[in-house]
Amino acid sequence: MTLPDIQHINHIAREAGEAILRVYAQDFDVQEKADNSPLTQADMASHRLIEKELQQFTPEIPVLSEESAAIPYAERRRWRRYWLIDPLDGTREFVKRNGEFTVNIALIDDGYPVLGVVHAPVTGVTYFGDVAAGAFRQDGDEAPRRIQVTRPCASPVRVAGSRSHAGDSLAAFLSKLPEHEMVSMGSSLKLCLVAEGKADIYPRLGPTSEWDTAAAQAVVEAAGGQVTDTDLQRLRYNQKDSLLNPYFLVFGDSSIDWKAFL
């Protein structure tokens, strides 16, 4: 499988991050999208930049963004390979100004993410990975360093959780776990915590969309981890009209039956 140059995708994600930060540094208007998540000027600025750059870089590969989600499934279902992007993942974190939002760019091939870049503009940290080269974390302009999941699982179990989306389903899951500790983080950075071995499990028992997870799934899988539905089947993309994900689990140690805690 021939993959596009991931360093070029990193560059696009960083450029989009800079566009976001130009808005982040000033007062910004918050509008409402159909799903009531905040839509900011930064979201659209990032979307336009990424879409333009990808169309120039790989004109033969279509682009699906959170901001272009109206593309009908009758058209999408014919795509074997496409870019799936979230120009600003963690809009709630953006509005709260806690810095835990990201730019997500993934390449989907035959329903699975094979390359992913997750860039956090405020910290300058970029996680990236692909099926061929493995997974990496790059802090600003420092040299990238290889990352991998923790196996065997740590004790106590480190559970990645959301600052914005804690709920009853997660509480029930936690009540069945042995000794554990929570690691709170926003946006797709929770999946990246598992990828770099700083968390053991991230149970997402609430609604997400495909663009929320694809890039980070590529990083997790390149780091040796798994992203599965609650039946432990690998999360797949563009298989139906709806772009909503099922509930899912992200973990590094596959010797543990994580499904038993549901």
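Read on for an overview of the structure.

## A word on the overall build of the chain
Alright, step 1. Along the backbone of the chain there are 7 helices and 14 strands.
Alright, step 2. Compactness check: the chain gives a C-alpha radius of gyration of 17 Å against a globular reference of 18 Å for 262 residues, within 12% of the reference.
Alright, step 3. If you line up the chain on its principal axes, its C-alpha atoms span 50 × 45 × 40 Å.
Alright, step 4. Out of the 262 residues in the chain, the part that is buried amounts to 56%.
Alright, step 5. Of the contacts formed within the chain by residues at least 6 apart in sequence, a portion of 62% connects residues at least 24 apart.
Alright, step 6. Of the roughly 11300 Å² of accessible surface on the chain, 48% is carried by carbon and sulfur atoms.

## As for helix α2 (residues 41–57)
Alright, step 1. With 17 residues, α2 ought to run about 24 Å at 1.5 Å a step, and its terminal C-alpha atoms sit 24 Å apart, in line with that.
Alright, step 2. Among the residues of α2, A42, D43, S46, H47, I50, E53 and L54 are the ones counted as buried. Along the long axis of α2, the arc covered by the buried residues comes to 150°, so they all point the same way. Exposed and facing more than 90 degrees away from the buried side of α2 are R48, K52 and Q56.

## Observations concerning the pairing of strand β12 (residues 201–204)
Alright, step 1. Alternating positions in β12 separate into two faces, I201 and P203 on one and Y202 and R204 on the other, with burial throughout.
Alright, step 2. Pairing analysis gives 4 bridges linking β12 to strand β14 (residues 248–251), with the strands arranged antiparallel. Following the sheet pairing, I201 is matched in β14 by F251.

## Here's the deal with the packing of aromatic side chains
Alright, step 1. In the structure shown here, the tally under the stated rule is 9 aromatic pairs.
Alright, step 2. With a centroid separation of 5.4 Å and an interplanar angle of 50°, the aromatic rings of W79 and Y82 are classed as tilted.
Alright, step 3. Judged by relative accessible area, W79 falls into the buried class, the value being 15%.
Alright, step 4. The exposure class assigned to Y82 is buried, which follows from its relative accessible area of 1%.
Alright, step 5. Ring geometry for F128 versus F136: centroids 5.4 Å apart, planes at 20°, classification stacked. Residues F128 and F136 agree in their burial class; the two are buried.
Alright, step 6. Looking at R97, its charged tip hangs above the ring of Y24, at a distance of 5.3 Å from the centre.

## A word on the environment of S155
Alright, step 1. Relative to the helices and strands, S155 resides in the loop between β9 (145–147) and β10 (157–162).
Alright, step 2. Given a relative accessible area of 72%, S155 falls into the exposed group.
Alright, step 3. Note: C-alpha distance between S155 and A13 (142 residues apart in sequence) is 35 Å.

Conventions adopted
- Residues numbered from 1 in each chain as written.
- Predicted model: local features only at pLDDT ≥ 70, side-chain atom pairs only at ≥ 80, totals over all residues.
- Heavy atoms only, no water.
- Helix = DSSP H or I, 4+ residues; strand = E, 2+ residues; numbered from the N terminus.
- Rg over C-alpha atoms; globule rule 2.2 N^0.38 Å.
- Buried < 20%, exposed > 50% of the residue type's maximum accessible area, 1.4 Å probe, protein only.
- Contact = heavy atoms within 4.5 Å.
- Areas by Shrake-Rupley, 256 points an atom, 1.4 Å probe, with all protein chains shown as cover.
- Expected span 1.5 Å × (residues − 1).
- Arc of directions from axis to C-beta.
- Pairing = 2+ DSSP bridges.
- Phe/Tyr/Trp six-rings, centres within 6.5 Å; stacked < 30°, edge-to-face > 60°.
- Lys NZ or Arg CZ within 6 Å of the ring centre and 35° of its normal.

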